[in-house]
Amino acid sequence: MNIDILDSPDFDPIAYINQKFPTEASLDGLDSFATSINGQIHILDDDLSRAIQTQSTAGTQATQDITDAQEAIVELFDKIADIKQQASQSEKMVHEICADIKRLDCAKTHLQSSITSLKRLQMLLAAVDQLEGLVNDLQYRDTANLLDAVKQLMTHFEKYTAVPVINDLSTRVLAIQTQLSKHIHVTFQDIGQLVDGVADAESFVEDLPGNMKNLSDCCLVVDALGLAARQELMEEFIRLQLNPYDRLFGPNRPHNGLGDIDRRWAWFKRLFKHIDAKFSSIFPVYWNVTYRITLEFIDRTRVHLVHALDTDAGRENSDVQVLIQSLQSTMKFEVDLKNKFEDISDEQNAKFPSLASVLSGHTPLQTPIKAGKHSPTRRRTSIVDTTHNTANTNLPDSNKICDVPIVLESFLYCLSREYDRFLGPYVLAERQNLEDMLRRLAAEEDTAENEGSDGTDTGSGSSAPVYGSAMSMFAFIKGSIKRCTALTNGQTFLSLTKEFKTCLQQYCESLLSKCVPGTTSNGTTVYKLTPGMEVTLCYLLNTG
């Protein structure tokens, strides 16, 4: 790239002139050179002037552009601020709209709740009025269904008992329940008094007054009243049924003794058959009336037996045979009870849930149940239609709860265990029989030894070289153990083993007494055997 020397930063004008005009002869071109230089200067001046003008114009335009840009920025900020303000207003408006929607939704919910509550209150008022009429007319089947519906409706107003209308309705419903409970109790009290007077179940039903024939409907009402009402009715009914039993077999009564134990069981079997024939179509199956009566009978009999056993044990001449026969009869009665309820238990457990399974949540019901002191409180959240359907005779599933389920294990040793601490006379009798047998056999063995000519016959009755009394003793002990364990394996069996130990010690002493006594002389003991004594010693050693 060629660079003009005039544009060089190291330009030297003297050296440049000397270079252009080295000699005087070269000065002839000075004028033309000067003209050329002047022309270039004019061109440069024009270029500078134009550049200065262009730069001046460009600076003004740049200033204008900057000013325009600043104005545009200010305008943009204004627009952004306006948009932000509008967005804030829009957000505020959205919040206000949402708040209005929430208020409207809450108002809608309260309005619906109010409408629902008013409808329920209207239904409750009508149902209570109808229920009072049904109670006065003693229409128990309709009363049971309607009472359950009223109780369901009342659960929705539990928080509003301070309201006069609700308080009045609660009072009326409580009065209805009290009236029903009293009337049903009186009805079943009259039935309880008629039990012993009528033998045939069909004539029993026909002999009832007109207001007492719908007993099964009364049971539906009791179910609607709750488990506590059922429990109270059952306790009173069972008490009335078993009062004659206490009068006949209670403490200090004519038939309280152990000799009348079979009469107890016969009386109860007649009662069981009597109740089952009369009330099997009256009481619901899941009430387990016969099982309840059996449990109460067992509790009362336990008290009676303890008193009879305690009285009999205090006598010196107590009859052991009567005691054992009484225990055997009691154990047979327990087995009969277990067998009687075994099939019933399987069927009921499959059909009806127990109260424990419902409270634990293992058995679902149509109606949720909450545990209480005596009975569950039913709670439902849906509106209950109180339109009564007389064709529907089934109560809700929540009422069909078996509050006293059958437990077969409750019959095992339920009464016989009470005998264990009173079997002392039996243990003494076993010991006495063993001692008498050993004395008799020992006497026979001594007689046989004295009468034997050569001392080889010991009266054992066996070819084994042992005393027959030992074999008989162990056979007796084995039989005694078998007899005792068939009755009990508790304290009585332990006492019997101690008596066996005492008898074995006595038998060992009797064997030792047969040994030849020795005489001691000068520190030496000498034994003199009589003829045949060596055979006796062999028998003693083998027996030991």
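Note that the structure is a prediction, hence the values are computed from the model and not measured.

Some thoughts on the overall build of the chain
Line of reasoning, step 1. Scanning the chain from N- to C-terminus turns up 15 helices and four strands.
Line of reasoning, step 2. Across the chain, contacts joining residues at least 24 apart in sequence account for 76% of those joining residues at least 6 apart.
Line of reasoning, step 3. Summing over all exposed atoms, the chain offers an accessible surface of approximately 32,900 Å²; the carbon and sulfur share of this is 55%.

A closer look at the pattern of salt bridges
Line of reasoning, step 1. This model, assessed by the stated rule, comprises 17 salt bridges.
Line of reasoning, step 2. The partner of R172 in a salt bridge is D129, with the nearest N and O atoms 2.5 Å apart. Here D129 lies in helix α2 (residues 30-136) and R172 lies in helix α4 (residues 164-194), a separation of 43 residues in the sequence.
Line of reasoning, step 3. Three or more residues are tied together by salt bridges with common partners; here these are D299, R302, E418 and R421.

A few points about helix α14 (residues 491-512)
Line of reasoning, step 1. Taking 1.5 Å per residue as the helical rise, α14 with its 22 residues ought to reach 32 Å, and the 32 Å between its terminal C-alpha atoms agrees with that figure.
Line of reasoning, step 2. Those residues of α14 not exposed but buried are T492, L496, E499, F500, C503, Y507 and L511. What you see down the axis of α14 is that its buried residues fit within an arc of 120°, all on one side. Those residues of α14 that are exposed and angled more than 90 degrees off the buried face are K498, K501, E509 and L512.

Looking at the environment of L134
Line of reasoning, step 1. Along the chain, L134 falls in helix α2.
Line of reasoning, step 2. C-alpha separation for the pair L134 and L146, spaced twelve residues apart in sequence, amounts to 9.1 Å.
Line of reasoning, step 3. Discounting residues that sit within four places of it in the chain, L134 has contacts with Q139, D142, T143 and L146.

Re the confidence of the model for the chain
Line of reasoning, step 1. Averaged over every residue, the pLDDT of the chain is 75; the share at 70 or more is 74%.
Line of reasoning, step 2. Confidence, read as mean pLDDT per element, is least for strand β2 (residues 377-378) in the chain (34) and greatest for α2 (88).
Line of reasoning, step 3. Note on residues 197-212: pLDDT under 50 across the span, and 20 contacts to partners over four residues away in sequence or across chains.

Quick notes on the packing of aromatic side chains
The description of two aromatic rings rests on the distance between their centres and on the angle between their planes.
Line of reasoning, step 1. With the rule as written, the count across this model stands at 17 aromatic pairs.
Line of reasoning, step 2. Between Y291 and F341 the ring centres are 5.7 Å apart and the planes differ by 75°, which places this aromatic pair in the edge-to-face class. One end of the pair, Y291, is in helix α9 (residues 289-313); the other, F341, is in helix α10 (residues 320-351), and 50 residues separate them in sequence.
Line of reasoning, step 3. On the basis of relative accessibility, which here comes to 2%, the residue Y291 falls in the buried class.
Line of reasoning, step 4. Every member of this aromatic cluster is reached through a ring pair, and the members are Y245, F249, W265, W267, F268, F272, Y291, F297, F333 and F341.
Line of reasoning, step 5. The ring of F272 carries the charged tip of K340 above its face, separated from the ring centre by 4.9 Å.

As for unusual backbone geometry
Line of reasoning, step 1. Residue L138 is not a glycine yet carries a positive backbone phi of 60°.
Line of reasoning, step 2. Within the fold, L138 resides in the loop between α2 and α3 (140-154).

A word on a nonpolar patch on the surface
Line of reasoning, step 1. Where nonpolar side chains cluster on the molecular surface, the patch consists of L125, Y160, V163 and V165 and spans about 310 Å² of accessible area.
Line of reasoning, step 2. Positionally, L125 belongs in helix α2.

Description of the packing of helix α13 (residues 468-487) against α14
Line of reasoning, step 1. The contact between α13 and α14 brings their axes to 10 Å, and the two run at 175°. Taken as axis vectors, α13 and α14 run roughly antiparallel relative to one another. In this structure, α13 contributes S469, A470, M473, F474, I477, S480, I481, C484 and T485 to the contact, and α14 contributes T492, F493, L496, F500, L504 and Y507.

Some remarks on the side chain of T330
Line of reasoning, step 1. The residue T330 is located in helix α10 in this model.
Line of reasoning, step 2. By relative accessible area, T330 is classed as buried at 0%.
Line of reasoning, step 3. Not counting chain neighbours up to four residues away, the residues in contact with T330 comprise I261, W265, L415, S416 and Y419.

Some details on α3
Line of reasoning, step 1. For α3, which comprises 15 residues, the first-to-last C-alpha distance of 20 Å matches the rise-based estimate of 21 Å (1.5 Å per residue) to within 8%.
Line of reasoning, step 2. A large share of α3 lies buried, amounting to 14 of its 15 residues.

Quick word on the packing of α2 against α3
Line of reasoning, step 1. Contact geometry of α2 with α3 gives a least axis separation of 9 Å together with a crossing angle of 150°. Judged by the inter-axis angle, α2 sits roughly antiparallel to α3. Viewed along their axes, α2 and α3 form a crossing whose handedness is left-handed. Residues R120, M123, L124, A127, V128, Q130, L131, L134 and V135 of α2 form the contact with α3, whose own contacting residues are D142, T143, L146, L147, V150, L153 and M154.

So, the environment of D246
Line of reasoning, step 1. Along the polypeptide, D246 turns up in helix α7 (residues 227-249).
Line of reasoning, step 2. Sequence-distant contacts of D246, defined by excluding residues within four places in its chain, comprise R253, R300 and H304.

Each value, and the rule that gives it
Residues numbered from 1 in each chain as written. Predicted model: local features only at pLDDT ≥ 70, side-chain atom pairs only at ≥ 80, totals over all residues. Heavy atoms only, no water. Helix = DSSP H or I, 4+ residues; strand = E, 2+ residues; numbered from the N terminus. Contact = heavy atoms within 4.5 Å. Areas by Shrake-Rupley, 256 points an atom, 1.4 Å probe, with all protein chains shown as cover. Salt bridge = Lys/Arg side-chain N within 4 Å of Asp/Glu carboxyl O. Expected span 1.5 Å × (residues − 1). Buried < 20%, exposed > 50% of the residue type's maximum accessible area, 1.4 Å probe, protein only. Arc of directions from axis to C-beta. pLDDT = per-residue confidence, 0-100. Phe/Tyr/Trp six-rings, centres within 6.5 Å; stacked < 30°, edge-to-face > 60°. Lys NZ or Arg CZ within 6 Å of the ring centre and 35° of its normal. Patch = residues over 30% accessible without salt bridge, like charges linked within 9 Å, V, L, I, M, F, W, Y side chains within 5 Å. Axes fitted to C-alpha atoms, helices over the stretch in contact; angles between N-to-C directions. Parallel < 35°, antiparallel > 145°, perpendicular 65-115°, else oblique. Left-handed = near helix turned anticlockwise from the far one by under 90°.

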